[in-house]
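# Breakdown of the fold
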Amino acid sequence: MAPEQIRSVILDILARIAPDEDLSELDDSVPFREQMELDSMDFLDIVMELRKLYRVQIPEEDYGELVTMDSTVTYLTPLLKDAESTV
Amino acid sequence: MSYDSIIIGAGLSGLAAGIRLAYYGKRVCILERHTTIGGLNSFYRLRGRNHDVGLHAVTNYSPPGGKRGPLNKILRQLRFQWEDFDLSPQCGSSVVFPGHTLRFNNQFDYFQAQIAEQFPQQIDGFRQLVTEIDAHNIGDLGQQWISTRERMAERISDPLLINMLLCPLMFYGSPSAHDMDFNQFVIMFRSIYQEGFARPYQGVRLILKNLTKKFKALGGELKLRAGVKQLLIEGKKVSGVVLDDGSILESQNVLSSAGSAETLQMCDVDVPRDDRFTPGDISFVETISVLDQQPAEFGHDETIVFYNDSEDFYYEQSKEPVDLRSGIICSPNNFKYDQPLKEGSIRITALANPDYWMSLPEEKYIEEKQYWYEEILKSSMRFIPDFRPHVLDIDTFTPRTIKKFTGHINGCVYGAPQKILDGTTPFNNLFLCGTDQGFLGIIGSMLSGISIANLHLLNPK
(Lines give C-alpha, C1' and ligand atoms only; values in the text may rest on other atoms or scores of the structure.)
Protein backbone atom coordinates (compact mmCIF):
# COMPACT_ATOMS: atom_id res chain seq x y z
CA MET A 1 0.00 0.00 0.00
CA ALA A 2 1.07 3.52 -0.74
CA PRO A 3 1.13 6.10 2.09
CA GLU A 4 -2.08 7.69 0.79
CA GLN A 5 -3.87 4.31 0.98
CA ILE A 6 -2.56 3.72 4.48
CA ARG A 7 -3.99 7.09 5.45
CA SER A 8 -7.44 5.99 4.20
CA VAL A 9 -7.14 2.73 6.14
CA ILE A 10 -6.41 4.65 9.35
CA LEU A 11 -9.27 7.05 8.68
CA ASP A 12 -11.55 4.07 8.19
CA ILE A 13 -10.45 2.57 11.51
CA LEU A 14 -10.93 5.91 13.28
CA ALA A 15 -14.41 6.22 11.80
CA ARG A 16 -15.26 2.81 13.18
CA ILE A 17 -13.92 3.64 16.64
CA ALA A 18 -15.55 7.06 16.80
CA PRO A 19 -18.53 7.09 14.40
CA ASP A 20 -19.81 10.40 15.79
CA GLU A 21 -16.55 12.18 15.00
CA ASP A 22 -16.16 14.53 12.01
CA LEU A 23 -12.89 13.32 10.49
CA SER A 24 -12.87 15.67 7.51
CA GLU A 25 -11.25 18.32 9.69
CA LEU A 26 -8.49 16.05 10.97
CA ASP A 27 -5.05 17.71 11.02
CA ASP A 28 -2.42 15.12 10.11
CA SER A 29 0.29 16.78 12.16
CA VAL A 30 -1.65 17.15 15.44
CA PRO A 31 -1.85 14.22 17.91
CA PHE A 32 -5.06 12.13 17.69
CA ARG A 33 -5.22 12.33 21.46
CA GLU A 34 -5.72 16.09 21.31
CA GLN A 35 -8.13 16.17 18.39
CA MET A 36 -10.31 13.19 19.28
CA GLU A 37 -9.39 12.61 22.91
CA LEU A 38 -8.32 9.07 22.11
CA ASP A 39 -7.04 7.26 25.18
CA SER A 40 -4.86 4.18 25.64
CA MET A 41 -7.85 1.88 25.13
CA ASP A 42 -8.49 3.49 21.74
CA PHE A 43 -4.84 3.23 20.66
CA LEU A 44 -4.88 -0.43 21.54
CA ASP A 45 -7.96 -0.71 19.34
CA ILE A 46 -6.16 0.83 16.37
CA VAL A 47 -3.37 -1.71 16.87
CA MET A 48 -5.88 -4.56 17.08
CA GLU A 49 -7.75 -3.41 13.99
CA LEU A 50 -4.49 -3.35 12.03
CA ARG A 51 -3.65 -6.82 13.31
CA LYS A 52 -7.09 -8.06 12.31
CA LEU A 53 -7.01 -6.48 8.84
CA TYR A 54 -3.37 -6.98 7.82
CA ARG A 55 -1.88 -9.38 10.38
CA VAL A 56 0.64 -6.70 11.23
CA GLN A 57 2.06 -6.95 14.75
CA ILE A 58 2.87 -3.68 16.45
CA PRO A 59 4.93 -4.20 19.62
CA GLU A 60 3.87 -2.20 22.68
CA GLU A 61 7.09 -0.17 22.67
CA ASP A 62 6.14 1.19 19.24
CA TYR A 63 2.68 2.51 20.26
CA GLY A 64 4.29 5.94 20.59
CA GLU A 65 4.74 5.99 16.80
CA LEU A 66 0.95 6.24 16.39
CA VAL A 67 0.71 9.74 17.79
CA THR A 68 -0.40 11.68 14.70
CA MET A 69 -1.64 10.68 11.27
CA ASP A 70 1.70 11.68 9.78
CA SER A 71 3.77 9.61 12.21
CA THR A 72 1.39 6.64 11.90
CA VAL A 73 1.60 6.59 8.11
CA THR A 74 5.40 6.93 8.20
CA TYR A 75 5.66 4.08 10.71
CA LEU A 76 3.31 1.77 8.82
CA THR A 77 4.60 2.39 5.29
CA PRO A 78 7.43 -0.21 5.41
CA LEU A 79 5.27 -2.67 7.40
CA LEU A 80 2.40 -2.55 4.93
CA LYS A 81 4.28 -2.14 1.67
CA ASP A 82 3.17 -5.57 0.43
CA ALA A 83 -0.36 -5.47 1.86
CA GLU A 84 -3.46 -4.95 -0.29
CA SER A 85 -5.73 -2.16 0.87
CA THR A 86 -9.13 -3.25 2.17
CA VAL A 87 -10.65 0.19 1.86
CA MET B 1 -17.51 -28.22 20.11
CA SER B 2 -14.63 -26.00 21.13
CA TYR B 3 -14.66 -22.22 21.55
CA ASP B 4 -11.97 -19.61 21.97
CA SER B 5 -14.02 -18.13 24.80
CA ILE B 6 -17.06 -19.08 26.81
CA ILE B 7 -18.76 -16.29 28.72
CA ILE B 8 -20.97 -17.13 31.67
CA GLY B 9 -23.96 -14.80 31.91
CA ALA B 10 -25.73 -12.69 29.28
CA GLY B 11 -25.84 -9.52 31.34
CA LEU B 12 -24.38 -6.21 30.28
CA SER B 13 -20.79 -7.18 31.10
CA GLY B 14 -20.96 -10.57 29.37
CA LEU B 15 -22.60 -9.15 26.24
CA ALA B 16 -20.10 -6.29 26.02
CA ALA B 17 -17.17 -8.70 26.42
CA GLY B 18 -18.78 -10.96 23.81
CA ILE B 19 -18.97 -8.13 21.29
CA ARG B 20 -15.28 -7.32 21.73
CA LEU B 21 -14.25 -10.96 21.27
CA ALA B 22 -16.54 -11.63 18.30
CA TYR B 23 -15.47 -8.37 16.65
CA TYR B 24 -11.88 -9.57 16.68
CA GLY B 25 -12.78 -12.90 15.17
CA LYS B 26 -12.90 -15.09 18.26
CA ARG B 27 -15.30 -18.03 18.41
CA VAL B 28 -17.32 -17.02 21.43
CA CYS B 29 -20.40 -18.38 23.16
CA ILE B 30 -22.39 -16.68 25.91
CA LEU B 31 -24.23 -19.06 28.24
CA GLU B 32 -27.21 -17.80 30.22
CA ARG B 33 -29.21 -19.92 32.66
CA HIS B 34 -32.29 -17.71 32.61
CA THR B 35 -34.78 -17.64 29.75
CA THR B 36 -33.80 -14.09 28.87
CA ILE B 37 -30.83 -11.73 28.79
CA GLY B 38 -29.92 -9.00 31.25
CA GLY B 39 -28.83 -10.56 34.55
CA LEU B 40 -29.03 -7.95 37.30
CA ASN B 41 -30.31 -5.42 34.76
CA SER B 42 -33.01 -7.33 33.00
CA PHE B 43 -36.60 -6.66 32.01
CA TYR B 44 -39.87 -8.53 32.05
CA ARG B 45 -43.50 -8.31 31.10
CA LEU B 46 -46.25 -8.66 33.68
CA ARG B 47 -49.99 -8.34 33.08
CA GLY B 48 -49.38 -6.58 29.78
CA ARG B 49 -46.82 -4.09 31.04
CA ASN B 50 -43.08 -3.80 30.51
CA HIS B 51 -40.90 -3.45 33.59
CA ASP B 52 -37.18 -3.05 34.13
CA VAL B 53 -35.56 -5.14 36.84
CA GLY B 54 -32.72 -3.12 38.19
CA LEU B 55 -32.66 0.07 36.24
CA HIS B 56 -33.52 3.30 38.00
CA ALA B 57 -31.25 5.34 35.81
CA VAL B 58 -28.25 4.96 33.61
CA THR B 59 -25.39 6.79 35.32
CA ASN B 60 -22.29 8.28 33.63
CA TYR B 61 -24.40 10.52 31.38
CA SER B 62 -22.60 12.42 28.66
CA PRO B 63 -24.48 14.57 26.14
CA PRO B 64 -24.17 13.87 22.41
CA GLY B 65 -20.88 15.04 20.98
CA GLY B 66 -19.03 14.29 24.23
CA LYS B 67 -15.67 12.58 23.98
CA ARG B 68 -14.70 11.85 27.56
CA GLY B 69 -15.83 9.56 30.32
CA PRO B 70 -16.98 5.96 30.53
CA LEU B 71 -20.06 6.34 28.29
CA ASN B 72 -18.00 7.57 25.34
CA LYS B 73 -15.38 4.95 26.05
CA ILE B 74 -17.85 2.08 25.78
CA LEU B 75 -19.57 3.56 22.71
CA ARG B 76 -16.18 3.57 20.96
CA GLN B 77 -15.15 0.15 22.15
CA LEU B 78 -18.46 -1.42 21.13
CA ARG B 79 -18.73 0.58 17.89
CA PHE B 80 -22.05 2.16 18.85
CA GLN B 81 -23.30 5.62 18.08
CA TRP B 82 -24.60 7.88 20.81
CA GLU B 83 -28.16 7.49 19.47
CA ASP B 84 -28.05 3.72 19.95
CA PHE B 85 -28.63 4.15 23.69
CA ASP B 86 -31.22 6.91 23.26
CA LEU B 87 -30.45 8.53 26.61
CA SER B 88 -32.68 11.28 27.95
CA PRO B 89 -31.18 13.21 30.88
CA GLN B 90 -32.84 13.40 34.28
CA CYS B 91 -35.12 16.24 35.44
CA GLY B 92 -33.32 16.55 38.78
CA SER B 93 -32.78 14.47 41.91
CA SER B 94 -32.24 15.05 45.61
CA VAL B 95 -30.83 13.69 48.84
CA VAL B 96 -33.23 14.36 51.71
CA PHE B 97 -32.17 14.16 55.36
CA PRO B 98 -33.90 15.89 58.30
CA GLY B 99 -33.52 19.65 57.86
CA HIS B 100 -31.55 19.42 54.60
CA THR B 101 -32.28 18.72 50.96
CA LEU B 102 -29.38 18.66 48.52
CA ARG B 103 -30.54 18.79 44.91
CA PHE B 104 -28.47 17.67 41.99
CA ASN B 105 -28.82 17.35 38.23
CA ASN B 106 -26.34 16.62 35.47
CA GLN B 107 -24.52 19.93 36.03
CA PHE B 108 -21.97 19.44 38.79
CA ASP B 109 -21.68 23.21 39.41
CA TYR B 110 -25.31 23.23 40.54
CA PHE B 111 -24.57 20.56 43.14
CA GLN B 112 -21.50 22.43 44.40
CA ALA B 113 -23.62 25.57 44.74
CA GLN B 114 -26.18 23.62 46.79
CA ILE B 115 -23.46 22.49 49.16
CA ALA B 116 -22.00 26.00 49.41
CA GLU B 117 -25.45 27.33 50.28
CA GLN B 118 -26.44 24.69 52.82
CA PHE B 119 -23.06 23.83 54.30
CA PRO B 120 -21.07 27.08 53.95
CA GLN B 121 -18.50 25.95 56.54
CA GLN B 122 -17.79 22.83 54.51
CA ILE B 123 -17.52 24.02 50.94
CA ASP B 124 -13.74 24.53 50.97
CA GLY B 125 -13.22 21.03 52.31
CA PHE B 126 -15.67 19.66 49.77
CA ARG B 127 -13.74 21.32 46.93
CA GLN B 128 -10.50 19.79 48.23
CA LEU B 129 -12.19 16.39 48.26
CA VAL B 130 -13.28 16.93 44.64
CA THR B 131 -9.67 17.74 43.73
CA GLU B 132 -8.61 14.42 45.26
CA ILE B 133 -11.37 12.63 43.38
CA ASP B 134 -10.31 14.23 40.10
CA ALA B 135 -6.71 13.15 40.66
CA HIS B 136 -7.53 9.54 41.58
CA ASN B 137 -6.63 6.87 39.02
CA ILE B 138 -9.38 4.24 38.90
CA GLY B 139 -7.37 2.34 36.31
CA ASP B 140 -4.76 1.23 38.84
CA LEU B 141 -5.55 -2.47 39.15
CA GLY B 142 -3.23 -3.09 42.08
CA GLN B 143 -4.76 -0.76 44.65
CA GLN B 144 -5.82 -1.74 48.16
CA TRP B 145 -9.03 -1.01 50.11
CA ILE B 146 -9.03 2.51 51.56
CA SER B 147 -11.76 3.78 53.90
CA THR B 148 -13.86 6.47 52.22
CA ARG B 149 -15.23 7.75 55.53
CA GLU B 150 -11.68 8.37 56.78
CA ARG B 151 -10.69 10.13 53.57
CA MET B 152 -13.83 12.29 53.69
CA ALA B 153 -13.36 13.13 57.37
CA GLU B 154 -9.95 14.64 56.54
CA ARG B 155 -11.77 17.26 54.45
CA ILE B 156 -15.30 17.52 55.81
CA SER B 157 -16.02 17.98 59.52
CA ASP B 158 -19.83 17.77 59.47
CA PRO B 159 -20.90 14.11 59.66
CA LEU B 160 -24.32 15.04 58.28
CA LEU B 161 -22.79 16.23 55.00
CA ILE B 162 -20.63 13.11 54.83
CA ASN B 163 -23.73 10.94 55.25
CA MET B 164 -25.72 12.92 52.71
CA LEU B 165 -22.95 12.65 50.12
CA LEU B 166 -22.53 8.94 50.74
CA CYS B 167 -26.23 8.06 50.72
CA PRO B 168 -26.83 7.98 46.93
CA LEU B 169 -23.41 6.48 46.24
CA MET B 170 -23.88 3.66 48.72
CA PHE B 171 -27.44 2.98 47.61
CA TYR B 172 -26.33 2.78 43.99
CA GLY B 173 -23.24 0.71 44.41
CA SER B 174 -21.76 -0.13 47.77
CA PRO B 175 -21.34 -3.86 48.40
CA SER B 176 -20.12 -3.21 51.95
CA ALA B 177 -21.90 -1.83 55.01
CA HIS B 178 -21.26 1.60 56.62
CA ASP B 179 -18.19 2.47 54.57
CA MET B 180 -16.96 1.97 51.04
CA ASP B 181 -13.67 1.53 49.28
CA PHE B 182 -12.29 4.88 48.12
CA ASN B 183 -11.78 3.60 44.58
CA GLN B 184 -15.44 2.54 44.42
CA PHE B 185 -16.38 5.88 45.93
CA VAL B 186 -14.53 7.76 43.19
CA ILE B 187 -16.16 5.65 40.48
CA MET B 188 -19.61 6.29 41.98
CA PHE B 189 -19.01 9.98 42.72
CA ARG B 190 -18.05 10.65 39.12
CA SER B 191 -20.81 8.54 37.65
CA ILE B 192 -23.61 10.09 39.76
CA TYR B 193 -22.64 13.63 40.76
CA GLN B 194 -20.19 14.66 38.06
CA GLU B 195 -21.75 12.87 35.07
CA GLY B 196 -25.30 12.15 36.14
CA PHE B 197 -28.48 10.24 35.38
CA ALA B 198 -30.29 9.44 32.15
CA ARG B 199 -32.63 6.78 30.83
CA PRO B 200 -33.56 5.32 27.44
CA TYR B 201 -37.25 5.91 26.69
CA GLN B 202 -37.73 2.15 26.36
CA GLY B 203 -35.69 1.34 29.44
CA VAL B 204 -32.78 -1.06 29.71
CA ARG B 205 -34.24 -3.43 27.09
CA LEU B 206 -33.15 -1.05 24.34
CA ILE B 207 -29.51 -1.26 25.39
CA LEU B 208 -29.65 -5.01 25.91
CA LYS B 209 -31.32 -5.61 22.56
CA ASN B 210 -28.76 -3.48 20.73
CA LEU B 211 -25.94 -5.36 22.43
CA THR B 212 -27.44 -8.73 21.53
CA LYS B 213 -28.08 -7.69 17.93
CA LYS B 214 -24.50 -6.56 17.51
CA PHE B 215 -23.07 -9.65 19.20
CA LYS B 216 -25.03 -11.99 16.92
CA ALA B 217 -24.27 -9.96 13.78
CA LEU B 218 -20.57 -10.44 14.55
CA GLY B 219 -21.05 -14.19 14.66
CA GLY B 220 -21.32 -14.63 18.42
CA GLU B 221 -23.44 -17.44 19.81
CA LEU B 222 -25.91 -16.87 22.63
CA LYS B 223 -27.51 -19.79 24.42
CA LEU B 224 -30.39 -19.12 26.80
CA ARG B 225 -31.64 -21.75 29.30
CA ALA B 226 -28.03 -22.92 29.31
CA GLY B 227 -26.84 -22.67 32.90
CA VAL B 228 -23.29 -23.68 33.73
CA LYS B 229 -23.38 -26.33 36.44
CA GLN B 230 -19.68 -26.97 36.64
CA LEU B 231 -16.32 -25.75 35.43
CA LEU B 232 -14.01 -28.59 34.39
CA ILE B 233 -10.57 -28.07 35.89
CA GLU B 234 -7.31 -29.64 34.78
CA GLY B 235 -4.48 -28.54 37.04
CA LYS B 236 -4.37 -24.73 36.95
CA LYS B 237 -6.64 -24.50 33.92
CA VAL B 238 -10.29 -24.69 32.98
CA SER B 239 -10.87 -27.00 30.02
CA GLY B 240 -14.59 -26.55 29.60
CA VAL B 241 -17.98 -26.32 31.21
CA VAL B 242 -20.78 -28.73 32.05
CA LEU B 243 -24.26 -27.36 31.46
CA ASP B 244 -27.33 -28.05 33.61
CA ASP B 245 -28.49 -30.61 31.02
CA GLY B 246 -25.19 -32.49 31.32
CA SER B 247 -23.72 -31.47 27.97
CA ILE B 248 -20.09 -30.39 27.84
CA LEU B 249 -18.61 -27.43 25.97
CA GLU B 250 -14.87 -26.96 25.59
CA SER B 251 -13.11 -23.61 25.50
CA GLN B 252 -9.64 -22.07 25.49
CA ASN B 253 -10.70 -19.71 28.26
CA VAL B 254 -13.75 -18.78 30.33
CA LEU B 255 -14.96 -15.35 31.39
CA SER B 256 -17.52 -15.45 34.17
CA SER B 257 -19.92 -12.71 35.22
CA ALA B 258 -21.60 -15.01 37.73
CA GLY B 259 -19.85 -13.46 40.73
CA SER B 260 -16.49 -14.28 42.31
CA ALA B 261 -17.63 -16.73 45.01
CA GLU B 262 -20.33 -18.08 42.70
CA THR B 263 -17.75 -18.82 40.00
CA LEU B 264 -15.36 -20.63 42.35
CA GLN B 265 -18.28 -22.73 43.61
CA MET B 266 -18.68 -24.08 40.09
CA CYS B 267 -15.13 -25.46 40.03
CA ASP B 268 -15.10 -29.21 40.49
CA VAL B 269 -11.99 -29.11 42.70
CA ASP B 270 -11.13 -27.69 46.11
CA VAL B 271 -10.02 -24.10 45.79
CA PRO B 272 -7.70 -22.71 48.46
CA ARG B 273 -9.52 -20.26 50.73
CA ASP B 274 -9.21 -16.64 49.67
CA ASP B 275 -11.15 -13.96 51.55
CA ARG B 276 -11.42 -11.82 48.47
CA PHE B 277 -13.90 -14.33 47.08
CA THR B 278 -16.47 -13.81 49.86
CA PRO B 279 -19.97 -12.91 48.67
CA GLY B 280 -21.62 -9.68 49.75
CA ASP B 281 -24.74 -9.58 51.88
CA ILE B 282 -26.38 -6.25 51.03
CA SER B 283 -29.66 -6.60 49.22
CA PHE B 284 -32.88 -4.75 48.61
CA VAL B 285 -36.61 -4.99 48.27
CA GLU B 286 -38.11 -2.94 45.48
CA THR B 287 -41.74 -2.01 44.97
CA ILE B 288 -43.09 -0.99 41.59
CA SER B 289 -46.37 0.90 41.48
CA VAL B 290 -48.01 1.54 38.11
CA LEU B 291 -50.13 4.69 38.25
CA ASP B 292 -53.11 6.17 36.42
CA GLN B 293 -51.28 9.52 36.25
CA GLN B 294 -47.84 10.84 35.47
CA PRO B 295 -46.09 11.62 38.80
CA ALA B 296 -45.81 15.30 37.80
CA GLU B 297 -49.63 15.50 37.82
CA PHE B 298 -49.72 14.94 41.57
CA GLY B 299 -46.78 17.24 42.14
CA HIS B 300 -43.78 14.94 42.00
CA ASP B 301 -41.36 15.96 39.30
CA GLU B 302 -38.04 14.71 40.67
CA THR B 303 -36.23 11.84 39.00
CA ILE B 304 -34.77 10.18 42.07
CA VAL B 305 -35.11 10.99 45.76
CA PHE B 306 -32.69 9.39 48.23
CA TYR B 307 -34.23 9.71 51.67
CA ASN B 308 -33.12 9.00 55.21
CA ASP B 309 -35.08 9.93 58.33
CA SER B 310 -32.26 10.75 60.78
CA GLU B 311 -28.87 12.43 60.74
CA ASP B 312 -27.22 9.04 61.06
CA PHE B 313 -27.29 6.90 57.96
CA TYR B 314 -27.36 3.13 58.41
CA TYR B 315 -26.24 1.48 55.22
CA GLU B 316 -26.12 -2.14 56.29
CA GLN B 317 -27.89 -5.43 55.98
CA SER B 318 -31.32 -4.76 57.41
CA LYS B 319 -32.14 -6.41 60.74
CA GLU B 320 -35.84 -6.14 59.95
CA PRO B 321 -37.22 -7.74 56.76
CA VAL B 322 -37.03 -4.24 55.29
CA ASP B 323 -35.24 -1.17 56.67
CA LEU B 324 -37.90 1.56 56.56
CA ARG B 325 -35.62 4.36 57.75
CA SER B 326 -34.21 5.09 54.34
CA GLY B 327 -34.86 4.40 50.69
CA ILE B 328 -34.85 5.48 47.08
CA ILE B 329 -37.86 6.84 45.19
CA CYS B 330 -37.44 6.60 41.43
CA SER B 331 -39.84 7.96 38.85
CA PRO B 332 -39.03 6.57 35.40
CA ASN B 333 -41.35 9.25 33.98
CA ASN B 334 -39.21 12.13 35.19
CA PHE B 335 -36.57 12.20 32.50
CA LYS B 336 -36.49 14.74 29.65
CA TYR B 337 -38.04 12.53 26.96
CA ASP B 338 -39.43 13.87 23.69
CA GLN B 339 -42.83 12.46 24.69
CA PRO B 340 -44.15 11.23 28.05
CA LEU B 341 -44.10 7.53 28.92
CA LYS B 342 -47.47 5.86 28.36
CA GLU B 343 -48.12 5.28 32.06
CA GLY B 344 -46.89 6.67 35.32
CA SER B 345 -44.90 4.58 37.74
CA ILE B 346 -42.96 4.92 40.96
CA ARG B 347 -40.29 2.50 42.13
CA ILE B 348 -39.24 2.53 45.77
CA THR B 349 -36.26 0.57 46.97
CA ALA B 350 -35.11 -0.15 50.52
CA LEU B 351 -32.47 -2.26 52.25
CA ALA B 352 -33.64 -5.76 53.12
CA ASN B 353 -32.66 -8.85 55.04
CA PRO B 354 -31.76 -11.62 52.58
CA ASP B 355 -32.03 -14.53 55.06
CA TYR B 356 -35.53 -13.53 56.07
CA TRP B 357 -36.80 -13.42 52.47
CA MET B 358 -35.00 -16.61 51.45
CA SER B 359 -36.40 -18.70 54.29
CA LEU B 360 -40.12 -17.88 54.02
CA PRO B 361 -42.44 -20.63 52.80
CA GLU B 362 -44.07 -19.70 49.48
CA GLU B 363 -47.51 -18.75 50.81
CA LYS B 364 -46.14 -16.61 53.61
CA TYR B 365 -43.68 -15.05 51.15
CA ILE B 366 -46.51 -13.70 49.03
CA GLU B 367 -48.31 -12.30 52.08
CA GLU B 368 -45.13 -10.67 53.34
CA LYS B 369 -44.41 -9.07 49.98
CA GLN B 370 -47.84 -7.45 50.12
CA TYR B 371 -47.40 -6.36 53.76
CA TRP B 372 -43.98 -4.80 53.15
CA TYR B 373 -45.11 -3.17 49.93
CA GLU B 374 -47.61 -1.22 52.01
CA GLU B 375 -45.10 -0.43 54.75
CA ILE B 376 -42.53 0.83 52.26
CA LEU B 377 -45.10 3.10 50.61
CA LYS B 378 -46.27 4.40 53.98
CA SER B 379 -42.69 5.20 54.97
CA SER B 380 -41.93 6.94 51.67
CA MET B 381 -45.01 9.20 51.98
CA ARG B 382 -42.86 11.39 54.20
CA PHE B 383 -40.90 12.33 51.10
CA ILE B 384 -43.38 12.18 48.20
CA PRO B 385 -47.06 13.16 47.80
CA ASP B 386 -49.42 10.27 48.57
CA PHE B 387 -49.89 8.51 45.23
CA ARG B 388 -51.66 5.45 46.62
CA PRO B 389 -55.11 6.40 45.22
CA HIS B 390 -53.56 6.30 41.73
CA VAL B 391 -52.10 2.80 41.86
CA LEU B 392 -53.26 0.52 39.02
CA ASP B 393 -50.93 -2.41 39.43
CA ILE B 394 -48.03 -3.39 41.65
CA ASP B 395 -45.08 -5.73 41.69
CA THR B 396 -42.44 -6.28 44.36
CA PHE B 397 -39.12 -8.02 44.17
CA THR B 398 -36.96 -9.19 47.04
CA PRO B 399 -33.51 -10.72 47.60
CA ARG B 400 -35.19 -14.04 46.85
CA THR B 401 -36.24 -12.84 43.40
CA ILE B 402 -32.72 -11.60 42.67
CA LYS B 403 -31.19 -14.92 43.77
CA LYS B 404 -33.67 -16.87 41.68
CA PHE B 405 -32.97 -15.02 38.43
CA THR B 406 -29.29 -14.10 38.77
CA GLY B 407 -27.83 -16.82 40.98
CA HIS B 408 -26.13 -14.22 43.18
CA ILE B 409 -25.68 -15.54 46.71
CA ASN B 410 -27.81 -13.58 49.25
CA GLY B 411 -29.59 -11.93 46.32
CA CYS B 412 -26.74 -9.51 46.51
CA VAL B 413 -27.00 -6.63 44.06
CA TYR B 414 -23.58 -4.98 44.21
CA GLY B 415 -21.54 -8.11 44.61
CA ALA B 416 -18.63 -8.92 46.87
CA PRO B 417 -17.13 -6.26 49.16
CA GLN B 418 -13.68 -7.06 47.76
CA LYS B 419 -13.45 -6.40 44.06
CA ILE B 420 -11.09 -8.42 41.86
CA LEU B 421 -9.97 -5.45 39.78
CA ASP B 422 -7.69 -7.37 37.43
CA GLY B 423 -10.32 -10.09 36.92
CA THR B 424 -7.97 -12.96 37.69
CA THR B 425 -8.81 -16.17 39.59
CA PRO B 426 -6.75 -19.10 40.92
CA PHE B 427 -7.03 -20.61 37.43
CA ASN B 428 -4.87 -19.28 34.59
CA ASN B 429 -7.54 -19.08 31.92
CA LEU B 430 -10.58 -18.29 34.08
CA PHE B 431 -11.43 -14.60 34.45
CA LEU B 432 -14.10 -12.50 36.13
CA CYS B 433 -16.11 -9.60 34.80
CA GLY B 434 -19.21 -7.79 36.00
CA THR B 435 -20.24 -6.77 39.48
CA ASP B 436 -17.40 -8.50 41.32
CA GLN B 437 -14.68 -7.14 39.06
CA GLY B 438 -15.33 -3.59 40.16
CA PHE B 439 -17.17 -1.38 37.71
CA LEU B 440 -20.83 -0.93 38.55
CA GLY B 441 -24.01 0.33 36.96
CA ILE B 442 -25.21 -0.05 33.38
CA ILE B 443 -22.23 1.69 31.79
CA GLY B 444 -19.76 0.37 34.37
CA SER B 445 -20.74 -3.25 33.85
CA MET B 446 -20.21 -2.92 30.10
CA LEU B 447 -16.84 -1.28 30.76
CA SER B 448 -15.97 -4.20 33.02
CA GLY B 449 -16.64 -6.77 30.30
CA ILE B 450 -14.70 -4.72 27.75
CA SER B 451 -11.70 -4.12 30.03
CA ILE B 452 -11.26 -7.73 31.06
CA ALA B 453 -11.77 -9.04 27.51
CA ASN B 454 -9.13 -6.58 26.25
CA LEU B 455 -6.69 -7.31 29.05
CA HIS B 456 -6.77 -11.09 29.18
CA LEU B 457 -8.54 -12.52 26.15
CA LEU B 458 -7.51 -10.26 23.28
CA ASN B 459 -4.06 -9.09 24.37
CA PRO B 460 -2.72 -11.70 26.76
CA LYS B 461 0.71 -10.81 28.07
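In this report, we go over the structure that sits alongside the text. (Residues numbered from 1 in each chain as written. Chains lettered and ligands numbered in written order. Predicted model: local features only at pLDDT ≥ 70, side-chain atom pairs only at ≥ 80, totals over all residues.)

What follows deals with the environment of B:Asp309. Residues and elements named next belong to chain B. Following the sequence through the fold, Asp-309 ends up in the loop between β14 (304–308) and β15 (326–330). On the basis of neighbour count, Asp-309 is assigned to the partly exposed category, with 16 C-beta atoms found within 10 Å. Each C-alpha atom of the pair Asp-309 and Pro-385 lies 16 Å from the other, and the pair is 76 residues apart in sequence. Leaving out residues up to four positions away in the same chain, Asp-309 has contacts with Pro-98, Arg-325, Ser-326 and Arg-382. (Helix = DSSP H or I, 4+ residues; strand = E, 2+ residues; numbered from the N terminus. Buried ≥ 20, exposed ≤ 12 C-beta atoms within 10 Å, placed from the backbone. Contact = placed C-beta atoms within 7 Å.)

This part covers the interface of chain A and chain B. Listed by partner, the interface residues are 13 residues for chain A and 14 residues for chain B. Residue assignment for the side of chain A that touches chain B shows that the elements contributing at least two residues are α1 (3–17) and α3 (40–54) of chain A. Counting residues per element, the side of chain A that touches chain B draws most heavily on α3(A), which supplies 6 residues. Considering only residue class, the side of chain A that touches chain B consists of 7 nonpolar, no polar and 6 charged. (Nonpolar A, V, L, I, M, F, W, Y, C, P; charged D, E, K, R; others polar.)

Residue and element names in this part refer to chain B. Counting buried residues in strand β13 (residues 283–291) gives 8 out of 9 residues, a clear majority hidden from the surface. When β13 meets strand β16 (residues 344–352), the two strands line up antiparallel, connected through 9 bridges. Across the sheet, residue Ile-288 finds its bridge partner in β16, namely Arg-347. With 6 bridges joining them, β13 and strand β17 (residues 391–397) adopt antiparallel strand pairing. Bridged to Val-290 within β17 is Asp-393. (Pairing = 2+ DSSP bridges.)

So, about the sheet that holds β17(B). Residues and elements named next belong to chain B. Spatial strand order, β7-β6-β14-β15-β16-β13-β17: 7 strands in an open sheet with mixed pairing. Both outer strands of the open sheet, β7 (100–104) and β17, are each paired with one neighbouring strand and no more. For this sheet the average axis-to-axis angle between neighbouring strands, irrespective of direction, equals 15°. (Axes fitted to C-alpha atoms, helices over the stretch in contact; angles between N-to-C directions.)

Glancing now at α3(A). Compared with the 21 Å implied by 1.5 Å per residue over 15 residues, the 21 Å span of α3(A) between its first and last C-alpha is a close match. Of the residues making up α3(A), those classed as buried are A:Asp42, A:Asp45, A:Ile46, A:Val47 and A:Leu50. Check the buried side of α3(A) and you find it contacts α1 of chain A together with α2 (69–78) of chain B. A:Arg55 sits one or two residues past α3(A) and shows a positive phi near 55°. (Expected span 1.5 Å × (residues − 1).)

The relative placement of two packed helices is expressed as an angle between their axes plus a distance between the axes. Residues and elements named next belong to chain B. With their axes 9 Å apart at the nearest point, helix α1 (residues 12–23) and helix α8 (residues 204–217) run at an angle of 25° to one another. For the element pair α1 / α8, the angle class is roughly parallel. You can see that α1 and α8 cross each other, and the crossing is left-handed. Residues Leu-15, Ala-16, Gly-18, Ile-19 and Ala-22 of α1 pack against Leu-211, Thr-212, Lys-214 and Phe-215 of α8. Looking at side-chain class alone, the contact of α1 with α8 contains 6 nonpolar, 2 polar and 1 charged residues. (Parallel < 35°, antiparallel > 145°, perpendicular 65-115°, else oblique. Left-handed = near helix turned anticlockwise from the far one by under 90°.)

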